[in-house]
Each structure stands twice: as C-alpha cells, then as structure tokens.
Amino acid sequence: QLEPQRVATGGHGIDAVVHFAGNQRLGRDFTLDDLRRRGFRAILLALGAQRAARPAIPGADAPGVIDALSLLDRPPDMSGCRVLVAGGGDVAIDAARVALRRGAREVMLAFPEPEAAMAAAADAVLLAREEGVTLLPDHAVTAITQDPRGLQVALGKVEGFTRRGRAVAWERLD
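What counts as what
Residues numbered from 1 in each chain as written. Predicted model: local features only at pLDDT ≥ 70, side-chain atom pairs only at ≥ 80, totals over all residues. Heavy atoms only, no water. Axes fitted to C-alpha atoms, helices over the stretch in contact; angles between N-to-C directions. Helix = DSSP H or I, 4+ residues; strand = E, 2+ residues; numbered from the N terminus. Parallel < 35°, antiparallel > 145°, perpendicular 65-115°, else oblique. Left-handed = near helix turned anticlockwise from the far one by under 90°. Contact = heavy atoms within 4.5 Å. Nonpolar A, V, L, I, M, F, W, Y, C, P; charged D, E, K, R; others polar. Core = buried A, V, L, I, M, F, W, Y, C linked by side-chain atoms within 4.5 Å. Buried < 20%, exposed > 50% of the residue type's maximum accessible area, 1.4 Å probe, protein only. Pairing = 2+ DSSP bridges. Arc of directions from axis to C-beta. Salt bridge = Lys/Arg side-chain N within 4 Å of Asp/Glu carboxyl O.

Asks: Is there a simple way to explain the packing of helix H3 (residues 90-101) against helix H4 (residues 122-131) in this structure?
Replies: Two quantities define a packed helix pair, namely the angle between the helix axes and the distance between the axes. At their nearest, the axes of H3 and H4 sit 10 Å apart, and the two run at 25 degrees to each other. The angle between the axes of H3 and H4 places the two elements in the roughly parallel class. For the crossing formed where H3 meets H4, the hand is left-handed. Side by side, H3 and H4 meet where Asp 90, Ile 93, Arg 97, Leu 100 and Arg 101 of the first sit next to Ala 124, Val 125, Leu 127, Ala 128 and Glu 131 of the second. A breakdown of the residues in the contact of H3 with H4 according to their chemical character gives 6 nonpolar, no polar and 4 charged.

Asks: Can you walk me through the nonpolar core in this structure?
Replies: Nonpolar side chains tend to gather and get buried jointly when the protein is soluble and globular. Val 83, Val 85, Ile 93, Val 107, Leu 109, Met 118 and Val 133 are the most contacted members of the largest nonpolar core, which has 22 residues in total. Mapped by element, the contributors of at least two residues to this core are strand S3 (82-86), H3, strand S4 (106-111) and H4. A per-element tally of this core places H3 first, with 7 residues.

Asks: Honestly, the sheet that holds S4 in this entry has me stumped. Any pointers?
Replies: Neighbouring strands of a sheet are bound in pairs by backbone hydrogen bonds; such pairs are parallel or else antiparallel. The parallel open sheet is built from 3 strands, whose spatial order is S3-S4-S5. Looking along the sheet, the strands with just one partner apiece sit at the ends: S3 and strand S5 (134-137). If you compare each strand with its neighbour and ignore which way they point, the axes differ by 20 degrees on average. As paired strands, S4 and S5 are joined by 4 bridges and run parallel to one another. Following the sheet pairing, Phe 111 is matched in S5 by Pro 137. In the packing of H3 onto the sheet, the strands contacted are S3 and S4, and the crossing angle to S4 comes to about 170 degrees.

Asks: I would appreciate a short explanation of the pairing of strand S7 (residues 150-159) in the present structure.
Replies: Strand residues, when the strand is regular, have side chains that alternate between the two faces of the sheet. Where strand S6 (residues 139-147) lies against S7, 8 bridges are found, and the strand directions are antiparallel. Within S7, the position partnered with Gln 146 by the bridge is Leu 151.

Asks: So what exactly am I meant to see when it comes to H4 here?
Replies: Turn by turn, an α-helix covers 3.6 residues, leaving residues three or four places apart pointing in a common direction. Along H4, the residues classified as buried are Ala 124, Val 125 and Ala 128. Here the buried residues of H4 occupy an arc of 100 degrees about the axis, which is enough to place them on one side. Opposite the buried face of H4, by more than 90 degrees, sit the exposed residues Ala 122, Asp 123 and Glu 130. Those residues of H4 that are buried are in contact with H3 and S5.

Asks: Looking at this model, I keep getting lost on the pattern of salt bridges. Mind explaining?
Replies: Going through the model one piece at a time under the given rule, you end up with 10 salt bridges. With a closest N to O distance of 2.6 Å, Glu 131 and Arg 97 form a salt bridge. Within this pair, whereas Glu 131 is found in helix H4, its partner Arg 97 is found in helix H3, the two being separated by 34 residues in sequence. For Arg 97, a relative accessible area of 13% puts it in the buried group. Via salt bridges that share partners, Arg 97, Arg 101 and Glu 131 belong to a single interconnected network.

Function cannot be read off these values alone, since they describe shape.
Here you go:
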C-alpha cells in the first residue's frame, strides 16, 4: 500500500486523494462495503485478466500452443516464427504486439467480430496495425493440427456475429 497521493486534475475542478493498494484480493482482503464504510466515494478495481482462455477446438492443447497470459508473463523467443493470435480483446492485441517484439516475422490476429466491433481499445488496434500485425476480422480458429512443418491452424469465416456481454456467437462458420 502506498501513501495517499493528491491527484493532478488539470483544472477540471476535481479535488481527490487517491489511495493505491496492490496485491489485495477482493473478498479476502476487503469488500466493496468495507471501502464504502471507510469513506471512499469512488472505487476503481483494476483486476486484469485472471485466467487464460483456451478455445474449445481440436488441438488447442497441442505442444507449441501458448495461451496469451503465459506469453505475456514469460515471452519466448519467437525469432522467425509465423504467429496467429486468436481473439479480439486487449489481451490478444498485447500478445500479438509482444510476439512481434520477440522476433516473429509475421503476426496475424484472427477474431470473430467485425473490426468495428472489436472488444480491444481502438488505439491499441491502431498501434498493432502500425507495428505490423495483420488483422483478420470475421474469422475464428476451427482446429489446430501438427505436421512435420509445425502447427497448422484452420480458420473459418464467421457470418452473423453477435455479442451479449462477454459471450459471442455467430450464425455460420465456413
């Protein structure tokens, strides 16, 4: 826990003292009601991604398939590799950009939604494109196989994409 810090507001008429506390677990170390009782009027919980997600497709557990959180935590040397990242959120964008920085010769990002509907922040998408990430909107990974050349990824074209909260669905996958 850091000492309270006065926040520079840039003349927006906000007078606030911010308390930063790291390595705290909601429900174990504090509750939202605890914070309200202590007089906090605004609460920001920056929880981050907690668990890696693997798609429910054949080959998702094949050797050489790395989940995004593991890649971000301990980025391997990817010199000369072609990399496909599945997903359209901020973690996927971060993984794609890290792959480039770790030497990948080509990085593609396949995601089921149209580009305008991506969950990732627009500025992060722009930066990824500027750095060389190839965006593949309206695509989903359907299978991963391994052959003598390495991992092979099958992509399908998504039609009729919809999002309800964090859940995504589509009418057709070709």
